[in-house]
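Report on the structure
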Amino acid sequence: MIKTGWGTRIAILYIGFVLLMGLMVALCMQQKEDLVSEDYYEKELVFQDRISETKNADALPERITHQITDKNIELNFPSVFKGKNISGEIIFFRPSDASKDYKTSIQLDANTRQLIPVNNLSKGMYKMQISWKASDTAYYNEETIVMP
């Protein structure tokens, strides 16, 4: 049996600790990180506007409803917007993978309905963020949906 002094034991312990820390740093550097948004600071500055838009949407007599079919996501906007000029966008935000996010503009038919093809979305959970403007009033609605 080889006898080692206390100095050698401390050196082995120190070298082992340094190697373990180096391994942990290397593993952390390879971890993929997706921010919620690249311009999150600017969005945080206008967060009060988002709160007001959400209150406007909550005050509507009807809510936006959705139905997922084999080919489309059918969004039905409140009937109070029938015949009105609506502009805005729909964002399907995938928290687990930013590369699977999908964005489209609002283009309602005469029945305040919009169809969005499901082939643009992968299976999994999305946050459907709808922001629109009608008659100089801004609205915002957010729902969590799961694509089958």
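Residues numbered from 1 in each chain as written. Predicted model: local features only at pLDDT ≥ 70, side-chain atom pairs only at ≥ 80, totals over all residues. Heavy atoms only, no water.

**Side note on a nonpolar patch on the surface**
On the surface, a cluster of nonpolar side chains totalling about 1,000 Å² of accessible area is made up of Y14, I15, F17, V18, L19, L20, M21, L23, M24 and L27. Within the secondary structure, L27 is located in helix α1 (residues 6–30). (Patch = residues over 30% accessible without salt bridge, like charges linked within 9 Å, V, L, I, M, F, W, Y side chains within 5 Å. Areas by Shrake-Rupley, 256 points an atom, 1.4 Å probe, with all protein chains shown as cover. Salt bridge = Lys/Arg side-chain N within 4 Å of Asp/Glu carboxyl O. Helix = DSSP H or I, 4+ residues; strand = E, 2+ residues; numbered from the N terminus.)

**Concerning unusual backbone geometry**
With a phi close to 55 degrees, S135 is a non-glycine residue in the positive phi region. With respect to the element layout, S135 can be found in the loop between β6 (124–134) and β7 (137–147). With a relative accessible area of 54%, S135 lands in the exposed category. (Buried < 20%, exposed > 50% of the residue type's maximum accessible area, 1.4 Å probe, protein only.)

**Some details on the sheet that holds strand β2 (residues 72–76)**
Within the open sheet, the three strands sit side by side as β1-β2-β5. Their pairing is antiparallel. Of all the strands in the sheet, the pair left with one neighbour each is β1 (65–68) and β5 (113–117). Averaged over all pairs of adjacent strands, the angle between their axes in this sheet comes to 20 degrees, without regard to strand direction. Sheet topology note: the β1/β2 ladder contains four bridges and is antiparallel. What sits directly across from T65, in β2, is N76. (Pairing = 2+ DSSP bridges. Axes fitted to C-alpha atoms, helices over the stretch in contact; angles between N-to-C directions.)

**Re the pairing of β6**
Of the strand pairs in this sheet, strand β3 (residues 86–93) and β6 are connected by eight bridges, and their pairing is antiparallel. Residue pairing across strands places F92 opposite M128, the latter belonging to β6. Relative to β7, β6 runs antiparallel, the two being bridged by 11 bridges. Following the sheet pairing, M125 is matched in β7 by V146. Here β6 folds back onto β7, and the loop between the two strands holds two residues, one of which, S135, carries a positive phi near 55 degrees.

**Re the sheet that holds β6**
Within the open sheet, the four strands sit side by side as β4-β3-β6-β7. Their pairing is antiparallel. Each edge of the open sheet carries a strand with a single partner, namely β4 (102–105) and β7. On average, adjacent strands in this sheet sit at an angle of 15 degrees to one another, irrespective of strand direction. Helix-sheet contacts for helix α3 (residues 47–58) involve β6 and β7, and the interaxial angle to β7 is about 85 degrees. (Contact = heavy atoms within 4.5 Å.)

**Let's talk about the side chain of E53**
Mapped onto the elements of the fold, E53 is located in helix α3. With a relative accessible area of 18%, E53 lands in the buried category.

**Things to note about the packing of aromatic side chains**
Following the criterion strictly, the structure yields six aromatic pairs and no others. Between F81 and W132, the ring centres sit 5.9 Å apart and the planes meet at 85 degrees, which makes this aromatic pair edge-to-face. Here F81, found in the loop between β2 and β3, pairs with W132, found in strand β6; they are 51 residues apart in sequence, far enough to count as distant. Looking at W132, the relative accessible area reads 3%, which means it is buried. (Phe/Tyr/Trp six-rings, centres within 6.5 Å; stacked < 30°, edge-to-face > 60°.)

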